[in-house]
Amino acid sequence: MKIRVLGTAAGGGLPQWNCGCAECGCARRTGAARSQDCLAVSGDGRAWYLVNASPDLRSQLLAAPELAPAPGTRDTPLRGVLLTSGELDHTLGLLTLREAARLAVYATAPVRRALHRAFPVGPLLSCYTEADWLTVTPGEPVELAGGLRAEAFALGGKRPRYAADLPGEGEGDRTDWVTGYRFTEEGGAARVVYAPGLADWTPAVERAVAGADVVLLDGTFSTADELAERTGGARRSPGMGHLAVRDSLPHLARRPGPRYLYTHLNNTNPLARPDPPGAAELAAAGAAVAEDGLLIEL
Ligand code: MLT
Ligand code: MN
Ligand code: ZN
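Because the structure is a prediction, the values reported are computed rather than measured.

Reading the values: the criteria
- Residues numbered from 1 in each chain as written.
- Chains lettered and ligands numbered in written order.
- Predicted model: local features only at pLDDT ≥ 70, side-chain atom pairs only at ≥ 80, totals over all residues.
- Heavy atoms only, no water.
- Donors = N, O, S within 2.8 Å, 3.2 Å for Na, K, Ca; no water.
- Pairing = 2+ DSSP bridges.
- Helix = DSSP H or I, 4+ residues; strand = E, 2+ residues; numbered from the N terminus.
- Contact = heavy atoms within 4.5 Å.
- Axes fitted to C-alpha atoms, helices over the stretch in contact; angles between N-to-C directions.
- Near = heavy atom within 4 Å.
- Polar contact = N/O pair within 3.5 Å; in protein donor to acceptor, adjacent residues only side chain to side chain.
- Areas by Shrake-Rupley, 256 points an atom, 1.4 Å probe, with all protein chains shown as cover.
- Nonpolar A, V, L, I, M, F, W, Y, C, P; charged D, E, K, R; others polar.
- Buried < 20%, exposed > 50% of the residue type's maximum accessible area, 1.4 Å probe, protein only.
- Core = buried A, V, L, I, M, F, W, Y, C linked by side-chain atoms within 4.5 Å.

How would you explain the coordination of the zinc ion (ligand 3) if you had to name every residue and give the values?
Distances from the zinc ion (ligand 3) to its protein donors, Cys19 (SG), Cys21 (SG) and Cys24 (SG), fall at 2.2 to 2.3 Å. Donor residues binding the zinc ion (ligand 3) come from one chain and are separated in sequence as C-x1-C-x2-C.

Structure below.
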């Protein structure tokens with residue numbers, strides 16, 4: 001299995017265009033920028049899938065040599081996109097893929113509905129390309145090209161703000177607005193987990209992480225109060241669907257084995273800096289911060 005980490009920042013990226021905070025200032029000064037959270041994964045190194053479609057997708061694709069088309073053709077190695085949420089930082093890039101001859105998009109039922117109604121990317125895309133929308137159900141593995149298998153696990157009912165009022169049957173108690181994926185491959189032993197929006201360390205997370213080689217997980221905030229402290233607002237990270245690094249780290253320390261990589265870092269997060277304070281504490285738990293462009297081969 002091959003994984004290309006395309007982007008590691010939360011919505012807004014680093015630096016964020018309208019932010020002059022210490023972290024954004026540091027990124028402007030040093031050029032140590034981060035593009036928005038996105039991953040590419042392949043079972044055989046030939047057929048590739050995106051997990052999420054970030055607003056930075058065009059430059060992310062151009063920077064990944066394995067995602068280039070075959071010379072003289074428009075034969076892209078990209079077979080489809082799997083979504084972990086309907087959030088704008090995970091879906092705006094779908095419109096960037098409109099030049100595709102054909103596109104498979106995998107999403108859970110509520111996310112799929114949101115992307116056809118509240119934020120109608122589905123109808124928009126259908127004017128440009130042939131998009132096949134496929135429903136992902138947590139616990140039911142999806143067989144993909146190149147021997148790749150993806151199994152979603154439910155991570156919670158946090159809807160994108162634009163879909164706050166979206167009507168739908170049983171929406172109130174749905175837990176699959178946000179999911180993670182566990183990737184395995186046919187005839188291989190590699191197991192990779194991707195969960196950029198982790199509200200809580202639940203039994204489903206526990207099961208997904210067991211036996212994994214690599215776990216890419218939510219590193220949005222270092223601490224639950226980080227955003228409030230930096231911006232003077234009142235929002236705490238648990239209410240935003242993000243378990244702070246300080247609160248997930250003890251779980252990682254108790255489950256040694258996988259290579260843990262934090263991703264989806266908000267621009268307020270000191271861990272997004274080069275040589276961040278706290279890196280040693282992460283290393284002690286078998287963890288590090290993922291970097292844009294990182295290639296993982298298993
Ligand atoms: C999130 O990860 O919580 C969302 O993407 C926030 C946002 O950018 O609206
Ligand atoms: Mn996000
Ligand atoms: Zn900032």
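How would you sum up the sheet that holds strand E9 (residues 178-185)? Please name residues and give values.
Spatial strand order, E7-E8-E9-E10-E11-E12-E13: seven strands in an open sheet with mixed pairing. At either margin of the open sheet sits one strand with a lone partner, and together these are strand E7 (142-143) and strand E13 (287-289). Taken together, the three bridges between strand E12 (residues 259-263) and E13 define a ladder with parallel strand orientation. When the sheet's bridge partners are listed, Tyr262 is paired in E13 with Val289. The strands that helix H8 (residues 245-254) touches are strand E11 (214-218), E12 and E13; relative to E12, the one it contacts most, it runs at about 170°.

Tell me about the site of ligand 1, residues and numbers included.
Contacts to ligand 1 come from Glu87, Asp89, Lys158, Met240, His242 and His264. Separating an oxygen atom of ligand 1 from a side-chain N or O atom of Lys158 is a distance of 2.7 Å. At 3.2 Å from an oxygen atom of ligand 1 is found a side-chain nitrogen or oxygen belonging to His264. When the free accessible area of ligand 1 is taken as 270 Å², the share hidden by the protein chains comes to 72%. Per-class residue counts for the shell around ligand 1 are one nonpolar, two polar and three charged.

Explain the coordination of the manganese ion (ligand 2) to me, using residue names and the numbers behind them.
Summarising the metal site, the manganese ion (ligand 2) is bound by the protein donors Asp89 (OD) and His264 (NE2), whose distances to it range over 2.1 to 2.2 Å. Highlighted residues: Asp89 in helix H3 (residues 88-91) and His264 in the loop between E12 and helix H9 (279-284), separated in sequence by 175 residues. Assessed through its relative accessible area of 12%, Asp89 is described here as buried. Overall, His264 belongs to the buried group, its relative accessible area being 5%.

Tell me about the nonpolar core, residues and numbers included.
Formed by 57 residues in total, the largest nonpolar core has its most connected members in Leu50, Leu94 and Leu252. If we skip the residues at most four places from it in the chain, Leu94 touches Ala53, Val81, Leu83, Val105, Leu115, Val121, Leu125 and Trp133. Residues Ala104, Ala150, Ala152 and Ala290 belong to the second largest nonpolar core, which totals 26 residues.

Go over the sheet that holds strand E14 (residues 295-297), please, and point to the residues and values.
Here seven strands make up an open sheet; going across it, the order is E6-E5-E4-E3-E2-E1-E14 and the pairing mixed. The two strands at the open ends of the sheet, each matched to only one other strand, are strand E6 (130-136) and E14. Shown here is a sheet whose adjacent strand axes are inclined to one another by a mean of 20°, direction ignored. Strand direction decides the pairing type here: strand E1 (residues 2-7) and E14, joined by three bridges, are antiparallel. Paired with Ile3 across the two strands is Ile296, which belongs to E14.

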